[in-house]
Amino acid sequence: MLQTPLTAALSALSPGTPHPVGVSNDEFRAAMSRLAAGVVLVTAHDSDDGPRGEDVGMTATAFMSVSLDPPLVLVSLRNGSRMDDLLAEQPLWAVSVLSESQRHIAGRFAMKGRISDRLLFEDIPYSRGEASGAPLVGGALATLECRTEQRVEAGDHTLAIGHVLTANLPSAEGGPLTYFRGRYRRLG
């Protein structure tokens, strides 16, 4: 990535320091926390060890539909995260739209300094996607399998735009899990 004077200045700022344009990381984070978002689990299979490779997962709220024709979605990945590194190497991934009863799954995969992903998946019911090989969480409201079409660097994140290969509605029960003001919530 090309380092400009502006990007160098932004990367050197601490969370409470105003950016050159006047808003601090804390102010921006507080404002954006007022935007309710759906919660998904993004998964991929790291096949470095062949079929016995490790499954990788991360909780995301920065996920959205981009296009109907062709069907495209976007997920924001923190630069240098395990998922960002994996999807830079291989293009197949999946998304499970979590239901309000799956808060524990969202919390588990959002932990900082967490244990291995193999242990995180241990007691979660899932099936393996036929198109992606990635875990699809049982009881999710919807599941999608995707192939990365484009990666766009955006500040401290990478936007992965994926072509949707499969879309299923495995569960019609319950409402969506949402994230608002720093907490998981139920809709309604």
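Remember, it's a predicted structure, so these values are computed and weren't measured experimentally.

Colleague: Sorry, what's going on with a nonpolar patch on the surface here?
Modeller: On the surface, V23, F28, M32 and L35 cluster together to form a nonpolar patch covering roughly 380 Å² of accessible area. Counting through the fold element by element, F28 comes out in helix α2 (residues 25-32).

Colleague: Help me understand the nonpolar core in this model?
Modeller: Burial of nonpolar side chains together is a common tendency in soluble globular proteins. Of all hydrophobic cores here, the largest spans 18 residues; its most connected members are V42, M58, V75, L77, M83 and W93. Contributions of two or more residues to this core are made by β2 (40-46), β3 (54-60), β5 (72-78), α3 (82-89), β6 (92-97), β9 (142-154) and β10 (157-168). Core analysis: the second largest hydrophobic core is formed by 12 residues, F109, F121, V137 and L177 among them.

Colleague: Teacher, can you tell me more about the pairing of β5 here?
Modeller: Strand residues, when the strand is regular, have side chains that alternate between the two faces of the sheet. Of all 7 residues that make up β5, 6 are buried, and the element is covered over most of its length. Sheet analysis places strand β4 (residues 63-67) next to β5, joined by 4 bridges and oriented antiparallel. If you follow M64 over to β5, its bridge partner there is L74. Connecting the antiparallel pair β4 and β5 is a turn made up of 4 residues. Relative to β10, β5 is paired through 7 bridges, and the arrangement is antiparallel. Among the inter-strand pairings, S76 is bridged to a residue of β10, identified as L159.

Colleague: Honestly, the confidence of the model for the chain in this entry has me stumped. Any pointers?
Modeller: Residues at a pLDDT of 70 or more form 86% of the chain, whose mean pLDDT is 85. Mean pLDDT across the secondary structure elements of the chain bottoms out at helix α1 (residues 5-11), with 39, and peaks at β6, with 98. With pLDDT under 50 throughout, residues 1-15 is counted as low confidence; its partners more than four residues away or in other chains account for 14 contacts.

Colleague: Looking at this structure, how should I read the sheet that holds strand β11 (residues 177-180)?
Modeller: Strand pairing in a sheet takes place through backbone hydrogen bonds and is either antiparallel or parallel in direction. The sheet built from 3 strands is open, its strands ordered β1-β11-β12 with antiparallel pairing. Looking at the sheet topology across the chains shown, the edges are occupied by β1 (37-38) and β12 (183-186). Across 4 bridges, β11 lies against β12 in antiparallel orientation. Within β12, the position partnered with T178 by the bridge is R185.

What counts, and where the lines are drawn
Residues numbered from 1 in each chain as written. Predicted model: local features only at pLDDT ≥ 70, side-chain atom pairs only at ≥ 80, totals over all residues. Heavy atoms only, no water. Patch = residues over 30% accessible without salt bridge, like charges linked within 9 Å, V, L, I, M, F, W, Y side chains within 5 Å. Areas by Shrake-Rupley, 256 points an atom, 1.4 Å probe, with all protein chains shown as cover. Salt bridge = Lys/Arg side-chain N within 4 Å of Asp/Glu carboxyl O. Helix = DSSP H or I, 4+ residues; strand = E, 2+ residues; numbered from the N terminus. Core = buried A, V, L, I, M, F, W, Y, C linked by side-chain atoms within 4.5 Å. Buried < 20%, exposed > 50% of the residue type's maximum accessible area, 1.4 Å probe, protein only. Pairing = 2+ DSSP bridges. pLDDT = per-residue confidence, 0-100. Contact = heavy atoms within 4.5 Å.

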